[in-house]
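Here are the chains, one letter per residue:
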Amino acid sequence: MEKRCWEVPHWAHGEQRGQTAVTATPHPPRCSCRCKGEDTSLSALVKADPDVTLASQEAVFVLARATELFVETIAKDAYVYAQQGKRKTLQRKDLDNAIEAIDEFAFLEGTLD
């Protein structure tokens, strides 16, 4: 399976958040991601778990991609609160507001304290 580091997110197609339609495309001309080496530190982190005996490259890649999507999602939701405050820079209170307001992030309540 060929890895693709850059994808057009669902919101670029005018779809609602939560839909999974994503179009994979090859690397754009000046790709800023760390495509091949990005999984090494995550792989070391996964293998540091005593319950994990073996982690395939595909599993580590999926974890890395899921992490990217999670960070993108929470950042976009927090940015809404920054915009309401007429700011372009995210602050901790924006993340707190997003965590408190959105049920998907309920598991994070109290983690930033």
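Right above here is the structure, for reference.
A. Quick look at helix α3 (residues 92–101). Taken as a whole, α3 has its buried residues at Asp-94, Ala-98 and Ile-99. For α3, the buried positions fall inside an angular range of 135° around the axis, keeping them on one side. In this structure, the buried residues of α3 make contact with α2 (57–84).

B. Up close: the packing of aromatic side chains. Within the structure shown, the criterion is met by two aromatic pairs. Taking 6.0 Å as the distance between ring centres and 80° as the angle between the ring planes, the aromatic pair formed by Phe-70 and Phe-105 counts as edge-to-face. In this pair, Phe-70 sits in helix α2 while Phe-105 sits in the segment after α3, placing the two residues 35 residues apart along the sequence. A relative accessible area of 33% means that Phe-70 is categorised as partly exposed. Of the residues examined, Phe-105 reaches a relative accessible area of 2% and is grouped as buried. Between Phe-70 and Phe-107 the ring centres are 6.2 Å apart and the planes differ by 45°, which places this aromatic pair in the tilted class. You can see Phe-70 sitting in helix α2 and its partner Phe-107 sitting in the segment after α3, a full 37 residues away along the chain.

What counts as what
- Residues numbered from 1 in each chain as written.
- Predicted model: local features only at pLDDT ≥ 70, side-chain atom pairs only at ≥ 80, totals over all residues.
- Heavy atoms only, no water.
- Buried < 20%, exposed > 50% of the residue type's maximum accessible area, 1.4 Å probe, protein only.
- Helix = DSSP H or I, 4+ residues; strand = E, 2+ residues; numbered from the N terminus.
- Arc of directions from axis to C-beta.
- Contact = heavy atoms within 4.5 Å.
- Phe/Tyr/Trp six-rings, centres within 6.5 Å; stacked < 30°, edge-to-face > 60°.

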